[in-house]
Amino acid sequence: MLSLTVSADPEGFRDGGNVQVDKVLFISKGRKRNQILVHTFEKTYYMIGTLRHWENYLNSNGFKFLNVDRSNTLNVENVKIVNGIFRDAYFECEITKTSKRCPISYHRFDEVVEEMGFMNSKILITGAATK
């Protein structure tokens, strides 16, 4: 199984390690140039590169990552629910206040949801998801 080399420290000076790609919920742009945040259920990690680079790399290695807005690329295999009202993807069947969520672009929402459905037919769409 493929894993990503990450750091728990934004500067990359300590707490390095590996995260299995199937544990990644989504990746997002960091505040600094070429900084990527790797979101898992347990923690958020850091690595370098661009969102486009990592999306292409992961997809070319058999994973299903989809860019859902300028700052977020999600692992479609881990999505359980898409909320059509708030336009968020969730990774748990039971949504709570502490559930991890990934926002989806308002302007591309219908297109993204349709593409996600082709990639993972098990995703539950709630609320007003389409026009």
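Structure report, in brief.

Calculation notes
- Residues numbered from 1 in each chain as written.
- Predicted model: local features only at pLDDT ≥ 70, side-chain atom pairs only at ≥ 80, totals over all residues.
- Heavy atoms only, no water.
- Pairing = 2+ DSSP bridges.
- Helix = DSSP H or I, 4+ residues; strand = E, 2+ residues; numbered from the N terminus.
- Buried < 20%, exposed > 50% of the residue type's maximum accessible area, 1.4 Å probe, protein only.
- Arc of directions from axis to C-beta.
- Contact = heavy atoms within 4.5 Å.
- Axes fitted to C-alpha atoms, helices over the stretch in contact; angles between N-to-C directions.

1. Let's talk about the pairing of strand β5 (residues 44-48)
With 5 bridges joining them, strand β4 (residues 35-39) and β5 adopt antiparallel strand pairing. Bridge pairing in β5 places L37 opposite Y46. As consecutive antiparallel partners, β4 and β5 are separated by 4 residues.

2. Description of helix α1 (residues 51-60)
For α1, the set of buried residues is L51, W54, E55 and L58. When α1 is viewed along its axis, its buried side chains cluster within an angular range of 100 degrees and face the same direction. Facing away from the buried surface of α1 by more than 90 degrees, the exposed residues are R52 and S60. The elements touched by buried residues of α1 are β1 (3-7), β3 (26-29), β4, β5, β6 (65-69) and β7 (72-75). Positioned one or two residues after α1, G62 has a phi angle of 95 degrees, which is positive.

3. Quick look at the sheet that holds strand β11 (residues 124-126)
Read across the open sheet, the 4 strands follow the order β10-β9-β8-β11; overall the sheet is mixed. Two strands bound the open sheet, and with one partner strand each, they are β10 (101-103) and β11. Strand-to-strand twist in this sheet, taken as the mean axis angle between neighbours without regard to direction, amounts to 20 degrees. Here strand β8 (residues 81-83) runs beside β11; their pairing, made up of 3 bridges, is parallel. From the neighbouring strand, I81 faces β11, where its bridge partner is L124.

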